[in-house]
Amino acid sequence: MTALSDAVALRRTFAIISHPDAGKTTLTEKLLLFGGAIQMAGAVRARGEQRRARSDWMSIERERGISVTASVMSFEHGGLSFNLLDTPGHEDFSEDTYRTLTAVDSAVMVLDAAKGIETQTRKLFEVCRLRDVPIVTFINKVDREGRETFDLLDEIEKTLALDVCPLTWPIGMGRDLKGVYDLTADQVVLFEQTRGDHLPEGIDMPLEDPRLDGLVGADAAARLREEVELVRGACPSFDLEAFRAGHLSPVFFGSALRNFGVRELLNGIGRLAPPPRQQSADPRVIDPLEETVSGFVFKVQANMDPNHRDRIAFFRLCSGRFKRGMKLKHVRSGKLMAIGNPVFFLARDRELAEEAFPGDIMGIPNHGALRIGDTLTEGEDVRFNGIPSFAPEVLRRVRLDDPMKAKQLRKALEDLAEEGVSQLFKPLNGASWIVGVVGQLQFEVIANRIESEYSLKAGFEEAPFETARWVHSEDKLLIKRFVEANTSSMAEDRDGALVFLARNSWALGRAQQDFPDIVFSATREQH
Ligand code: G4P
């Protein structure tokens, strides 16, 4: 029987954060190839299409060819078990994308070498920063002309306030790409020898070795020596502690498409990324090595299987050894739940989870009892923190086409908000409700589900608001003054928490300036 401590030490639970088109799908495929989880590249996409063909629970997914739902892929490599949590990366991503990042112990940030940091990379990075998630950077597409390497590193440091430490260095770029230099092992990995699944081994080659000139050409060798000297001067040695605290990112270069530099990246994740970490909870921190089982739900997905109206709760195990059939306490309701049919998500399939360890993600089928943020334990009353709601980035007013159905619509919107699909705000001045989401596409998802699951028609109209902030102060009088000064912008969320709906960033800035003692929060813990 595997000891708990061994199983924990061997697990790496991570996600890829990137802007659309940076190469996340391609990289995912290549990582799965290493784990033998798929036989050929292209399977991730192919599987997505298969699933779309099979399921019609969400026609938008088919129509738009977008995978609205995130999934989990588990694979093994080098004796380690990797759980890769997918974050929907299309421009119209959702709050789920953010919340998935609360269930990982590290993240790989993929950048396009020609583009550097883009808007979505940055948003996702900020979510990682909330929990100091360690970030490994992969600069992709070095087989194409990209930006100056130093320039890219500088941009990461400046825009994200994150220190960087390259662990590999590209030898040339684009048409002149010769390979990468492994700065830890002092090895050259040659690009031209990469063919299909054949990956060249690194060649031991100290920089001063004259054979380097023969291997990559005198000009490239000279440039490499010069650049490495600069890099080593700026970043003398990799500081594991600073990385694990989320302050420093190791950087790898490669081409996901050409399967180049990916092995070095994966080995890097295995070597550097932390195994399942302690999790902050109320009233005490939970250590993964504790014998009793505990974990939390970070995502709920409805109607994965169109034949059943079940929901799947995505559950991250945080401590103990889970065995199928266990009865766990649902802390919010105090009830016991028998976990009889939990599933693991493999690259190609799902399988019944007989046993799971901290860091693993299980899908728990249920009829709506499990909500985002819920904790399950073997009896102790603890609640995990840090699975928040995120301030919406798009807000719309609800338009009800049939006023006789107002009550049903209210129920539908409340259900969907509870599931974490959207957020619901009730303006204090009695105006029609406002629905908020993180990605635009969610409105189509909501309208589609309201129609198919509740047989109602609802539309969404422009609302004069751009974003929302939860407002809080111990000083009740101050809050009262704030509400009076902003009556048409105040609302309550579904839990009755006070929310300021901002017309634009200027209005938000102004409110913050006028009321410096009020806390304006972009996240709110689930209750
Ligand atoms: P995403 O999931 O982050 O959105 O990106 P995806 O992997 O789908 O990659 C976006 C595009 O970039 C794809 O091209 C893909 O082939 C290409 N790409 C990914 N990695 C590399 C790389 O290392 N080098 C180069 N040169 N290109 C790369 P596409 O033409 O949009 O799609 P496809 O028709 O090739 O599938």
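Check the entry above for the structure.
First, a word on what this report is: a plain description of the structure on this page. (Residues numbered from 1 in each chain as written. Predicted model: local features only at pLDDT ≥ 70, side-chain atom pairs only at ≥ 80, totals over all residues. Heavy atoms only, no water.)

### Digging into the overall build of the protein chain
On a plain count of helices and strands, the protein chain comes out with 15 helices and 33 strands. Evaluated residue by residue, the protein chain yields a buried proportion of 57% over its 527 residues. Residue pairs at least 24 apart in sequence account for 70% of intrachain contacts in the protein chain once pairs closer than 6 positions are excluded. Just so you have it, the protein chain exposes about 22,800 Å², and 48% of that area is on carbon and sulfur atoms. (Helix = DSSP H or I, 4+ residues; strand = E, 2+ residues; numbered from the N terminus. Buried < 20%, exposed > 50% of the residue type's maximum accessible area, 1.4 Å probe, protein only. Contact = heavy atoms within 4.5 Å. Areas by Shrake-Rupley, 256 points an atom, 1.4 Å probe, with all protein chains shown as cover.)

### Side note on the environment of Ser 473
With respect to the element layout, Ser 473 can be found in the loop between strand E29 (467-472) and helix H14 (476-485). Taking relative accessible area as the criterion, Ser 473 reaches 8% and is therefore assigned buried. Measuring from C-alpha to C-alpha, the distance between Ser 473 and Ile 518 comes to 5.2 Å, with 45 residues separating the pair along the chain. Of note is the side chain of Ser 473, whose polar atom sits 3.0 Å from the backbone nitrogen of Asp 475. (Polar contact = N/O pair within 3.5 Å; in protein donor to acceptor, adjacent residues only side chain to side chain.)

### Examining the packing of helix H2 (residues 24-34) against helix H11 (residues 262-272)
Two elements in contact, H2 and H11, have axes separated by 10 Å at closest approach and are oriented at 70°. Judged by the angle between their axes, H2 and H11 are roughly perpendicular. Between H2, through Leu 27, Lys 30, Leu 31 and Phe 34, and H11, the contact on the second element is made entirely by Val 262, Arg 263, Leu 265 and Leu 266. A breakdown of the residues in the contact of H2 with H11 according to their chemical character gives six nonpolar, no polar and two charged. (Axes fitted to C-alpha atoms, helices over the stretch in contact; angles between N-to-C directions. Parallel < 35°, antiparallel > 145°, perpendicular 65-115°, else oblique. Nonpolar A, V, L, I, M, F, W, Y, C, P; charged D, E, K, R; others polar.)

### As for the nonpolar core
Among the nonpolar cores identified, the biggest contains 82 residues, and Met 109, Ile 156 and Phe 322 are the most heavily contacted of them. Among the elements that make up this core, the one with the highest residue count is strand E14 (residues 311-319) (six residues). Residue assignment places this core across two domains, with domain 1 (13-72 + 85-272) and domain 2 (279-384) each supplying three or more. One finds Ile 16, Phe 82, Val 136 and Phe 252 within the second-largest nonpolar core, a separate group that totals 29 residues. (Core = buried A, V, L, I, M, F, W, Y, C linked by side-chain atoms within 4.5 Å. Domains from an automatic or database assignment.)

### With respect to the site of the ligand
Residues in contact with the ligand amount to 16 residues; listed here are only the nearest, Asp 21, Lys 24, Thr 25, Thr 26 and Asp 143. Between the ligand and Ala 22 there is a distance of 3.4 Å, counted from an oxygen atom to a backbone nitrogen or oxygen. With respect to the ligand, the backbone of Ala 256 contributes an N or O atom lying 3.0 Å from an oxygen atom. About the coverage of the ligand: the protein hides 67% of its 700 Å² of free accessible area. For the shell around the ligand, the leading source of residues is H2, giving three residues. (Near = heavy atom within 4 Å.)

### Describing the pattern of salt bridges
Within this structure, the stated rule accounts for 35 salt bridges. For Arg 524, the salt bridge identified is with Asp 493, shortest N-O distance 3.0 Å. Residue Arg 524 is located in strand E33 (residues 523-525), and its partner Asp 493 is located in the loop between strand E30 (490-492) and strand E31 (498-502); the two are separated by 31 residues in the primary sequence. Comparing Arg 524 with Asp 493 shows no difference in burial state: the two are buried. (Salt bridge = Lys/Arg side-chain N within 4 Å of Asp/Glu carboxyl O.)

### Focus: the sheet that holds strand E9 (residues 187-190)
Taken in spatial order, the four strands make up an open sheet running E7-E8-E9-E10, and their pairing is antiparallel. At either end of the open sheet lies a strand with only one pairing partner, and these are strand E7 (168-171) and strand E10 (203-204). With four bridges joining them, strand E8 (residues 179-182) and E9 adopt antiparallel strand pairing. What sits directly across from Gly 179, in E9, is Leu 190. (Pairing = 2+ DSSP bridges.)

### Points about unusual backbone geometry
Residues Asp 282 and Pro 283 are joined by a peptide bond in cis, for which omega reads 10°. Backbone geometry places Asp 21, a non-glycine residue, at a positive phi of 85°. As for its position among the elements, Asp 21 is in the loop between strand E1 (11-18) and H2. Unlike most non-glycine residues, Asn 259 shows phi in positive territory, near 55°. Structurally, the position occupied by Asn 259 is in the loop between strand E11 (248-253) and H11. The exposure class assigned to Asn 259 is buried, which follows from its relative accessible area of 7%.

### Some words on the packing of aromatic side chains
Following the criterion strictly, the structure yields 14 aromatic pairs and no others. Ring geometry for Phe 191 and Phe 260: centres 5.1 Å apart, planes at 75°, overall edge-to-face. Taken together, the residues span a long stretch of sequence, with Phe 191 in the loop between E9 and E10 and Phe 260 in the loop between E11 and H11 at a distance of 69 residues. Across this residue pair, the class does not change: Phe 191 and Phe 260 are buried. Ring centres of Phe 296 and Phe 384 lie 5.6 Å apart, and the angle between their planes is 50°; this geometry places the pair in the tilted category. Taken as a pair, Phe 296 in strand E13 (residues 294-302) and Phe 384 in strand E23 (residues 383-384) lie far apart in primary sequence, 88 residues in all. Assessed through its relative accessible area of 1%, Phe 296 is described here as buried. Clustering of aromatic rings is evident, with ring pairs tying together Phe 482, Phe 500, Phe 515 and Phe 520. Sitting over the face of the ring of Phe 314, Lys 299 holds its NZ or CZ atom 4.7 Å from the ring centroid. (Phe/Tyr/Trp six-rings, centres within 6.5 Å; stacked < 30°, edge-to-face > 60°. Lys NZ or Arg CZ within 6 Å of the ring centre and 35° of its normal.)

Scope: geometric values only; no functional claims are made or implied.
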